[in-house]
Amino acid sequence: MSGRRKLIVVSNRGPVSFGRDEEGNRVARRGGGGLATALRSLVSHHDVTWIASAMTVEDRKVALEASGAIEETARDGSSYRLHLVAHDPAVYDWYYNVVANPTLWFLQHHLWNLPYTPNIDPGLHHAWEDGYLAVNNGFADAVLAELEREPHAAVLFHDYHLYVAPRLVRAARPDTAIAHFVHVPWPATDAWVVLPEPIRRAVHEGLLASDVVGFHDERWRLSFMRSAHDLIGAEIDPDDGSVRYDGRLTLVTSRPISVDPSEFDELAESERVLALEQELVERRPEFLVLRVDRTDPSKNVVRGFRAFELFLDAHPEMHGRVGMLALLDPSRQDIPEYAEYLGAIQRAARVVNDRFQREGWTPIELRIQDDFLGAVAAYKQFDVLLVNAIFDGLNLVAKEAPLVNDRDGVLVLSENTGAHAELGRFALTVNPFDVAGQAEAIHTALQLSAEERRARIEAIRAHVRKHDLEAWIGAQLADLDQIALGVGP
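All values reported here derive from a predicted model rather than from experimental measurement.

The strand order across the open sheet formed by ten strands is β5-β6-β4-β1-β7-β8-β9-β12-β11-β10, and the pairing between neighbours is mixed. In this open sheet, the two edge strands, each paired with only one partner strand, are β5 (69-73) and β10 (235-237). Put simply, the sheet's adjacent strands are angled 20 degrees from each other on average, direction ignored. By the bridge criterion, four bridges tie strand β1 (residues 6-10) to strand β7 (residues 154-158) in an arrangement that is parallel. Bridged to Leu 7 within β7 is Ala 154. Contacting β9 (212-215), β10, β11 (242-245) and β12 (248-254), helix α8 (residues 218-232) runs over the sheet at an angle of about 150 degrees to β12.

A few words on helix α4 (residues 122-149). Relative to the 40 Å expected for 28 residues at 1.5 Å per residue, α4 spans 40 Å between its end C-alpha atoms, a close match to the ideal helical length. Roughly 35 degrees is the biggest bend found in α4, and it falls at Trp 128.

Taken in spatial order, the six strands of this open sheet run β15-β14-β13-β16-β17-β18, and their pairing is parallel. Taken across any chain shown, the strands that pair with only one partner, and hence form the sheet edges, are β15 (364-368) and β18 (428-430). Put simply, the sheet's adjacent strands are angled 20 degrees from each other on average, direction ignored. When strand β14 (residues 322-329) meets β15, the two strands line up parallel, connected through five bridges. Residue pairing across strands places Met 324 opposite Ile 364, the latter belonging to β15. Running over the sheet, helix α11 (residues 301-314) touches β13 (287-294), β14, β15 and β16 (384-387) and is turned about 175 degrees from β14.

Here we take up the nonpolar core. Counting residues in each nonpolar core, the largest one holds 65 residues, and the members touching the most others are Leu 290, Tyr 379 and Leu 411. What Tyr 379 contacts, discounting residues up to four positions off in sequence, is Phe 264, Leu 290, Val 292, Val 397, Glu 400, Ala 401, Val 404 and Asn 405. Ranked by size, the runner-up nonpolar core spans 62 residues in total, among them Val 91, Phe 139, Leu 207 and Ile 390.

For the bond from Thr 117 to Pro 118, the omega torsion is 5 degrees, close enough to zero to count as cis. The residue Pro 118 is located in the loop between α3 (89-108) and α4 in this model. Phi at Asn 300 takes a positive value of approximately 70 degrees, unusual for a residue other than glycine. The residue Asn 300 is located in the loop between β13 and α11 in this model. Its identity is not glycine, yet Asp 408 carries a phi of approximately 50 degrees, on the positive side. Inspection of the secondary structure puts Asp 408 in the loop between α14 (397-404) and β17 (410-414). Classification of Asp 408 as buried rests on a relative accessible area of 14%.

About the thresholds
- Residues numbered from 1 in each chain as written.
- Predicted model: local features only at pLDDT ≥ 70, side-chain atom pairs only at ≥ 80, totals over all residues.
- Heavy atoms only, no water.
- Pairing = 2+ DSSP bridges.
- Helix = DSSP H or I, 4+ residues; strand = E, 2+ residues; numbered from the N terminus.
- Axes fitted to C-alpha atoms, helices over the stretch in contact; angles between N-to-C directions.
- Contact = heavy atoms within 4.5 Å.
- Expected span 1.5 Å × (residues − 1).
- Bend = angle between axes of the 7 residues up to and from the residue.
- Core = buried A, V, L, I, M, F, W, Y, C linked by side-chain atoms within 4.5 Å.
- Buried < 20%, exposed > 50% of the residue type's maximum accessible area, 1.4 Å probe, protein only.

Written out as structure tokens, the structure is:
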């Protein structure tokens, strides 16, 4: 990878968010969400200005005080600029809670129940025009302001929140190097035609204003190219990844994101994680099945609990010896579908526990809170890691947990995660809708020989350490350079 670059990273969530401690002092806390977690280490490799939404009241105060960007320091001491964009609260609500999540996220994760949802009423059209487009305009204005300061910086947009922003920046700064990485699955054309034609066109045209569009998995890359051809008439060459549209060439790539292994090596031996791990060791069952997720419908938690129930049904000899620890970060509770799914999760866990628990043994321990360090401690102790997402752009838990696990734990992995293309041959593969198959996979994982368990997890570790976050960043910058030098497809 070449030397340090000047980068403008743009995402809805930033690497930190601000609040007040008990004494009333302003404090910066780790930003939520897998994307912010994954990208945090980027600032140690490059000169980064990070543009993100002001998410809290204190964030908005910081944005107002700064009138632009402030200097921040990352976990490893690296400095970066943080530019918080304070959106009108009502506009942001339309953008995030009407369009980005209940519409785009649900579409891209195949979560709609088409006989009933979505209902594309005037409210959605209003939220698109006055919410999603308005917020994307706000992000584009922030990018253009930063480009005035650093005119040769490359702009790296991220995810489904910002599909139309690249086109806005391109119109104002035609020569800017722009990449957009999509961290969620990309469904086939038939899924997109549910949306009104102006919306689906704007999504595809916005992305194709970028020089490079990246996905985690070859499946998502090919689906995007096909939908771009079908819906807006783009010329595509799937073999070399080129898409030609509106007089521009865009390179479409498959670059699965990774993690910074050194961060997890350090965290695993930190005082706080060691203390949390000891608490877990003192009360853990003989065998521990772990899942670490958000309470998001796409994560398939309810079916995972049902699978564990079927496993206990079939294997009474394991009663009292095995337990499931579910560490779930509450997700998007302002959206009714997410709040309802959290209730379904709690009910499903109660069904299993009411049926099987006995004195001294509760089959499912359910914790609903944002506890990253607690998750790292649990990563060290699992015997089976269950990742059964309905669809997932990648799934970083599948990469993080094996890095620090001390028990040669086995990964049970949904075939519909982007991570499956990389790690599937080292995992036990499951169909996320087949609860019987997931139950059998849990049993198989617990029965594997010590030698096979060790071989599987060591292969995952070796792959993740070789294909780490730095390699992922380097590959994307190389793709941008390839286009800039005119040696692309």
